[in-house]
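So the chains spell out like this:
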Amino acid sequence: MNSFMESASRIFVAGHRGLAGSAIVRKLRELGHTNLLLRTHHELDLLDRGATRAFFDRERPEYVFLAAARVGGVLANRDFPAEFIAQNLDIQNNVLESAARTGVRRLLFLGSSCIYPRLAPQPLKEEYLLSGPLEFTNRPYAIAKIAGIEMCWAFNRQYGTKFLAAMPTNLYGTGDNYDLQTSHVLPALIRKIHEAIERRQKKVVVWGTGTPRREFLFSDDMADACVYLMNFSEAQFESLISVPETPPLINVGSGHDLTIRELASTVCAVMGYDGNLTFDSTKPDGTPRKLLDTTKLFNLGWKPSIPLPQGIQLAWDDYRVQLQQPQETN
Ligand SMILES: NC(=O)c1ccc[n+]([C@@H]2O[C@H](COP(=O)([O-])OP(=O)(O)OC[C@H]3O[C@@H](n4cnc5c(N)ncnc54)[C@H](OP(=O)(O)O)[C@@H]3O)[C@@H](O)[C@H]2O)c1
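Report on the accompanying structure. Computed from a predicted structure; not experimentally measured.

What counts, and where the lines are drawn
- Residues numbered from 1 in each chain as written.
- Predicted model: local features only at pLDDT ≥ 70, side-chain atom pairs only at ≥ 80, totals over all residues.
- Heavy atoms only, no water.
- Near = heavy atom within 4 Å.
- Polar contact = N/O pair within 3.5 Å; in protein donor to acceptor, adjacent residues only side chain to side chain.
- Areas by Shrake-Rupley, 256 points an atom, 1.4 Å probe, with all protein chains shown as cover.
- Helix = DSSP H or I, 4+ residues; strand = E, 2+ residues; numbered from the N terminus.
- Nonpolar A, V, L, I, M, F, W, Y, C, P; charged D, E, K, R; others polar.
- Salt bridge = Lys/Arg side-chain N within 4 Å of Asp/Glu carboxyl O.
- Buried < 20%, exposed > 50% of the residue type's maximum accessible area, 1.4 Å probe, protein only.
- Axes fitted to C-alpha atoms, helices over the stretch in contact; angles between N-to-C directions.
- Parallel < 35°, antiparallel > 145°, perpendicular 65-115°, else oblique.
- Left-handed = near helix turned anticlockwise from the far one by under 90°.
- Contact = heavy atoms within 4.5 Å.

**Overview of the site of the ligand**
- Inspection of the region around the ligand gives 24 residues, with Ala20, His41, Tyr141, Lys145 and Leu171 positioned closest.
- Within the backbone of Gly111, a nitrogen or oxygen atom sits 3.4 Å from an oxygen atom of the ligand.
- Coverage of the ligand by the protein amounts to 82% of the 890 Å² it exposes when considered alone.
- For the shell around the ligand, the elements supplying multiple residues, two or more each, are helix H1 (19-30), helix H5 (139-159) and strand E6 (170-172).
- A class-by-class count of the residues in the shell around the ligand yields 14 nonpolar, seven polar and three charged.

The structure is reproduced here in structure tokens:
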């Protein structure tokens, strides 16, 4: 990989203990970066504008990966909509403003595929942003993320910053959340099937009809893509963020989707579970299909390298490690 960022560059990974941020840190360390600026939520609350400004003034990061966000599933988004919009706006406002003020060389803002309209054609192209109404259930979160994209673009135009917004598809991987109340579909399946194996249960119940199609990307592949983009040459990066009348936005996905039924069968095959899967159609399915169009990223020369079965095996290994560890606190 060509490297624009130098091994001693000061790189701030905001949210470095989360699923996305921890993968970015692993990737940067693997590439020999020695000057990572990492602060836990407890050490630096990015909702605190004064503290965020002071951190940037003191540490002068050259590159920023913004992977800190208030993130949650359907229930959390339903129960705390005010927090989801207000906290995400505050985090990104504080970080982008501080980054612009202190002359950060490049910033990568992480969003999510929920920014695209609920009924947009599939696969979802970057140009579909703001072309129709959003899914209701996570609208406050999506609107905060859209504001973040717009801010990256506005700051680039007015202040000459180099901010890029990357929209990853559904992630899974090392350090994922396996709490069945709040987890996403893939870690939930891994946990349910792991427990069925342990308890010698012959049946696993999967939420929904099994027919919706979803796309998955291992978190380390997402991190590889993010670092790949941040390492573009000056001209390449400029061509990515300075297309007239186009937001500095790029999708990060695997390029493939599959049904939840196919996903569950793949998890069973990887984990060697031969019990029966039943589908509880009383549980909500969500949108029928959500696949990002990754033509732009793939045309820039990046491709994912961790196939789904390998990623599931790695995630299951990590889940078993998590089971051995006491719960971490700040
Ligand atoms: N997971 C996915 O499937 C997925 C898919 C697409 C895009 N993304 C995007 O990737 C980004 C990160 O998501 P994730 O899945 O990695 O979430 P995550 O695992 O919940 O991590 C979020 C991180 O942000 C930190 N954080 C939250 N509020 C903070 C604050 N006020 N000050 C400082 N740090 C704060 C959290 O620290 P604490 O835990 O200490 O609060 C945590 O380390 C988000 O923008 C999300 O939209 C994720």
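**Concerning the pattern of salt bridges**
- Counted according to the given criterion, the structure contains 21 salt bridges.
- Of the charged contacts in the structure, one is a salt bridge between Arg39 and Glu59, with a shortest N-O distance of 3.1 Å. Taken together, the residues span a long stretch of sequence, with Arg39 in the loop between strand E2 (36-37) and helix H2 (49-59) and Glu59 in helix H2 at a distance of 20 residues.
- The salt bridge partner of Lys162 is Glu238, with a shortest N-O separation of 2.7 Å. Taken as a pair, Lys162 in the loop between H5 and strand E5 (163-168) and Glu238 in helix H8 (residues 234-241) lie far apart in primary sequence, 76 residues in all.
- With a relative accessible area of 31%, Glu238 lands in the partly exposed category.
- Residues joined by salt bridges that share partners form a network here, namely Arg53, Asp57, Arg60, Glu97 and Arg101.

**A word on the packing of helix H4 (residues 81-101) against H5**
- For the pair H4 and H5, the least separation of the axes is 8 Å and the interaxial angle reads 15 degrees. Put simply, H4 runs roughly parallel to H5. Considering the relative orientation of H4 and H5, their crossing is right-handed. For the pair formed by H4 and H5, the contact residues are Pro81, Phe84, Ile85, Asn88, Leu89, Gln92, Asn93, Leu96, Glu97 and Ala100 on the first element and Pro140, Tyr141, Ile143, Ala144, Lys145, Ala147, Gly148, Met151, Cys152, Phe155 and Tyr159 on the second.
- Tallied by class, the residues present in the contact of H4 with H5 amount to 15 nonpolar, four polar and two charged.

Fair warning: the whole summary comes from geometry, so function is off the table for now.
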